[in-house]
Amino acid sequence: MKMPLGRGGGQRGRRAQSAPLGVALIFGIMVVSTTVIVAFGAGAITDTESHLGAERTQKALTEFDSRAALVGLGQSNVQQVELTSRGSERYRVDEDAGWMNVSYKDPETGATTVVFRKRMGAVVNDDETATSIAYQGGGVWRSDGAGQSVMISPPEFHYRGATLTLPLITVRGDASLGRRGVISRNGTTRYFPNESMNPAFVNPMANGEVTVSVRSDYYRGWGQYFETRTEGDVSYTHSKNMVNATLVTPVGARTVRSAVRSSSPAGVIKFKGSTDPGFDAYNSSDGDGYAGEGAANGWNNASINTAGDVEIQDNGVRVHGNITSGGYVDLKDWSNNFNGERVAYADGFSPSPAPASVETEQISGVESVSAIDGYVNRRVDHIRSNPDSGYYTGDTITSSGTLDSAGGDKQYYVEHIDLDSGETLTVDTSGGNVSVAVRDYVSLDEASIEVDGTHDARFFVKGESAWGDRSIKGETTTSHIDITGGRVVTVGSGPSENATQVAFYGKSHVNATLSKDGSNSKFVGIVYAPSQGTNKLAMRQSEIYGGVVTGEVDVWQDGAIHYDRSLRNTRAVPEEVNIIRITYLHISVNRVNVTSP
């Protein structure tokens, strides 16, 4: 007999079967969750341990850095340091790790002299992630193995107030190190200043560029440090893991304090005309220019200063000022040639004796004026990369037009300026200074450059190619600034013949010529192209209102230089910006050995 099924009996059976399934499901979720938590927790623990290990290594190498400095810089002969690692990793000495090169470039000759090039070596700690932490060159660095690196502790590279102190510490020693390292001194070599090593390795540096180059796995960190400490532009060669920092000797606050300054001991100031070539002075700052002043009104302050000789070969030559010569002073006749108070000489003078009214003094010599080749190169290259738009097409000025200064200072780049009869280049300086970079030459053939405004016009002549040869009285000069019956003048409401407003700067090979073609040439401003060679300014039937600084000066008949005394209070060469300045250099290489005890 079958028993009847009660109401709901089937549902209770199904519920009884689902209970074990629920328990199993909950248990499975718990297992998965626990596994995920354990997995993530293990990763977090590993990351934490790795981070703590890296911190321990950085701390150990920072302590190593301070101990190595004590030994390398001579304050201790031996030091020991704990080398805490990130686990199973060990420290090693890599003697071939990276190098530093310090070089000096003479901008006049273009020659580069290597002060030193040395392997730095490194004490390195690597881990399985390819991250390395290392001591190198007096600093501590970290690299991720993919080309990125940062500085942990700064190297021995100290730049302050145009002085670089670089006591490089190099490392040699055991390929593998234990838990402790012994740092011992292995000698020091002083490279700069060091006249016995090279006569040019002296302070203060008068001219040139110093480049510090580092090739290293940590070059980006080195570069960031250079950028921070020198506040200048730093260049990278990523394909070679290399960084360069260039430091430049500033030109300094130069002034033009005489009518003519011959900067080269080999140079000569020559006066060869029988029809009144000469020197006198005026002061444009009083507002009336040359008018009412000059020799006729007692302005005998047009001094001549040369590192070489002075030769006056005709009675018609008249010097209204004093003469200072680092060589021999040869006058034709005292009464005709000299209207000054003093002649200083190094090698002698004639005729001898001098008149009683003239003071004579023998001196040891005259300091030469260093070239500004590097300065001109930098200005031309900078302007070429950042020019303002001018009225001319292409890179040459061959027709009349205006270079403006609307809105402030402007700068223009040209390959050359070549103007013919009747053409005028107006430089409008009413809104600011105008700088013109000239790659090759300036030629004015019965043409003019007129500076109109109250600010300055500056021409930087690099002289890569010359205009050509100019013959003056049978002597040929390869000219880069050639003015033939032309004019460079100041116009407008400002003072007449204001030489402080106009300057032509040239490299040490740049020559200038002024001569007559229809009318005499006139130049208002300064020609500033000092050299240790024999570049020159040659002039005939022309007048300069301002001053001249160059290697040699030749003045023929009807040639005159009227010195603007306001130049004494004016900086001749503008101060450079955006350069890393270097005047004093102190460089040494300090060697240490690192071994296990």
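Residues numbered from 1 in each chain as written. Predicted model: local features only at pLDDT ≥ 70, side-chain atom pairs only at ≥ 80, totals over all residues. Heavy atoms only, no water.

Our focus in this paragraph is the overall build of the protein chain. When helices and strands are counted, the protein chain shows 4 helices and 45 strands. Residue pairs at least 24 apart in sequence account for 64% of intrachain contacts in the protein chain once pairs closer than 6 positions are excluded. If you sum the accessible surface of the protein chain, you get close to 26100 Å²; carbon and sulfur atoms cover 46% of it. (Helix = DSSP H or I, 4+ residues; strand = E, 2+ residues; numbered from the N terminus. Contact = heavy atoms within 4.5 Å. Areas by Shrake-Rupley, 256 points an atom, 1.4 Å probe, with all protein chains shown as cover.)

A few words now on the environment of Ile133. The topology assignment puts Ile133 in strand β6 (residues 132–136). The buried category is assigned to Ile133, whose relative accessible area is 0%. When the C-alpha atoms of Ile133 and Ala54 are compared, they prove to be 8.1 Å apart, with 79 residues separating the residues in sequence. (Buried < 20%, exposed > 50% of the residue type's maximum accessible area, 1.4 Å probe, protein only.)

On to the nonpolar core. Counting 84 residues, the largest nonpolar core has Phe271, Phe279, Ile417, Ile449, Phe504, Tyr528 and Leu537 as its most contacted members. Among the elements that line this core, the one with the most residues is strand β31 (residues 434–445), at 6 residues. If you look at the next biggest cluster of nonpolar residues, it comprises 36 residues, including Trp141, Tyr219, Tyr225 and Ala245. (Core = buried A, V, L, I, M, F, W, Y, C linked by side-chain atoms within 4.5 Å.)

This paragraph deals with the pairing of strand β18 (residues 278–282). Here β18 lies mainly inside the structure; 5 of its 5 residues are buried. Here β18 shows no split at all, with Gly278, Asp280 and Tyr282 on one side and Phe279 and Ala281 on the other all buried. Relative to strand β21 (residues 318–319), β18 is paired through 2 bridges, and the arrangement is parallel. By the bridge assignment, Gly278 is partnered in β21 with Arg318. When β18 meets strand β44 (residues 559–564), the two strands line up parallel, connected through 5 bridges. (Pairing = 2+ DSSP bridges.)

There is a patch of like positive charges on the surface, built from Arg117, Arg119, Arg215 and Lys240. In this fold, Arg215 is placed in strand β13 (residues 209–215). A relative accessible area of 37% means that Arg215 is categorised as partly exposed. (Patch = residues over 30% accessible without salt bridge, like charges linked within 9 Å, V, L, I, M, F, W, Y side chains within 5 Å. Salt bridge = Lys/Arg side-chain N within 4 Å of Asp/Glu carboxyl O. Lys, Arg positive; Asp, Glu negative; His and termini not counted. Charge placed at Lys NZ, Arg CZ, Asp CG, Glu CD.)

Tracing the backbone through its elements, the reader meets Ser399 in the loop between β27 (396–397) and β28 (401–403). Its relative accessible area of 34% is what places Ser399 among the partly exposed residues. The sequence separation of Ser399 and Gly422 amounts to 23 residues, and the corresponding C-alpha distance is 9.7 Å. Excluding residues within four positions of it along the chain, Ser399 makes contact with Tyr391, Leu419 and Glu423.

All right, on to helix α4 (residues 373–385) then. Taking 1.5 Å of rise per residue, 13 residues should cover 18 Å, and α4 covers 18 Å from first to last C-alpha, within 8% of that figure. Those residues of α4 that are buried are in contact with β13, β15 (242–248), β29 (410–419), β31, β33 (457–461) and β38 (502–506). (Expected span 1.5 Å × (residues − 1).)

Counted under the stated rule, the structure contains 18 salt bridges. The shortest N-O distance in the salt bridge between Arg439 and Glu415 comes to 3.5 Å. Remark: Glu415 occurs in strand β29 and Arg439 occurs in strand β31; sequence separation between them is 24 residues. Taken together, the salt bridges that share partners define one network made up of Lys270, Lys536, Glu552 and Asp554.

This part is about the side chain of Asp280. Relative to the assigned elements, Asp280 resides in strand β18. Buried charge Asp280 goes without a salt bridge, the closest partner of opposite sign being Arg318 at 10 Å. Separated by 2.6 Å, the side chains of Asp280 and Tyr290 make a polar contact. (Polar contact = N/O pair within 3.5 Å; in protein donor to acceptor, adjacent residues only side chain to side chain.)

The linkage connecting Ser350 with the following residue, Pro351, adopts the cis geometry, with an omega of -5 degrees. For Pro351, the location among the structural elements is in the loop between β25 (348–350) and β26 (359–362). Here the residue pair Ser352 and Pro353 is connected by a cis peptide bond, since its omega of 5 degrees sits within 30 degrees of zero. Structurally, Pro353 can be placed in the loop between β25 and β26. Of note in this structure, Glu497 is not a glycine but carries a positive phi near 50 degrees. Structurally, Glu497 is set in the loop between β37 (487–491) and β38. The exposure class of Glu497 is buried, given its relative accessible area of 15%.

Here the focus is the sheet that holds strand β10 (residues 163–173). Here 5 strands make up an open sheet; going across it, the order is β1-β12-β45-β10-β9 and the pairing mixed. Only two strands of the sheet have a single partner each, and these edge strands are β1 (78–82) and β9 (158–160). For this sheet, the mean angle separating the axes of adjacent strands, direction not counted, is 25 degrees. The pairing of β10 with strand β45 (residues 584–595) spans 11 bridges and is classified as parallel. Bridge pairing in β45 places Leu166 opposite Ile587. (Axes fitted to C-alpha atoms, helices over the stretch in contact; angles between N-to-C directions.)

With respect to the helices and strands, the residue Gly422 is situated in the loop between β29 and β30 (424–428). Placed 26 residues apart in sequence, Gly422 and Ser448 show a C-alpha to C-alpha distance of 7.6 Å.

So, about the side chain of Asn337. Turning to its location among the elements, Asn337 is positioned in helix α3 (residues 334–337). A polar atom in the side chain of Asn337 sits 2.8 Å from the backbone nitrogen of Lys332. Here Asp333 takes part through its backbone nitrogen, which lies 2.7 Å from a polar atom of the side chain of Asn337. Every residue in contact with Asn337, bar those within four places of it in the chain, is listed here: Ile312, Asp314, Asn315, Val317, Arg318, Val319, Leu331 and Lys332.

The 6 strands lie next to each other as β8-β7-β6-β5-β2-β11, forming an open sheet whose pairing is antiparallel. At either end of the open sheet lies a strand with only one pairing partner, and these are β8 (149–153) and β11 (176–177). In this structure, β6 lies alongside strand β7 (residues 139–143), joined through 5 bridges in antiparallel fashion. Paired with Ala134 across the two strands is Trp141, which belongs to β7. Contacting β6, β7 and β8, helix α2 (residues 219–230) runs over the sheet at an angle of about 65 degrees to β8.

On to the pairing of β10, then. Sheet topology note: the β9/β10 ladder contains 3 bridges and is antiparallel. Counterpart to His158 in the pairing with β10 is Thr165.

Quick look at the confidence of the model for the protein chain now. The predicted coordinates should not be examined in detail at positions where pLDDT is low. When the pLDDT values of the protein chain are averaged, the result is 85; 84% of them are 70 or greater. Looking across the protein chain, the model is least confident in helix α1 (residues 9–72), with a mean pLDDT of 61, and most confident in strand β36 (residues 481–484), with 98. Note on residues 1–17: pLDDT under 50 across the span, and 1 contact to partners over four residues away in sequence or across chains. Under a pLDDT of 50 for its full length, residues 36–51 has, in the predicted model, 0 contacts with residues more than four places off or in other chains. (pLDDT = per-residue confidence, 0-100.)

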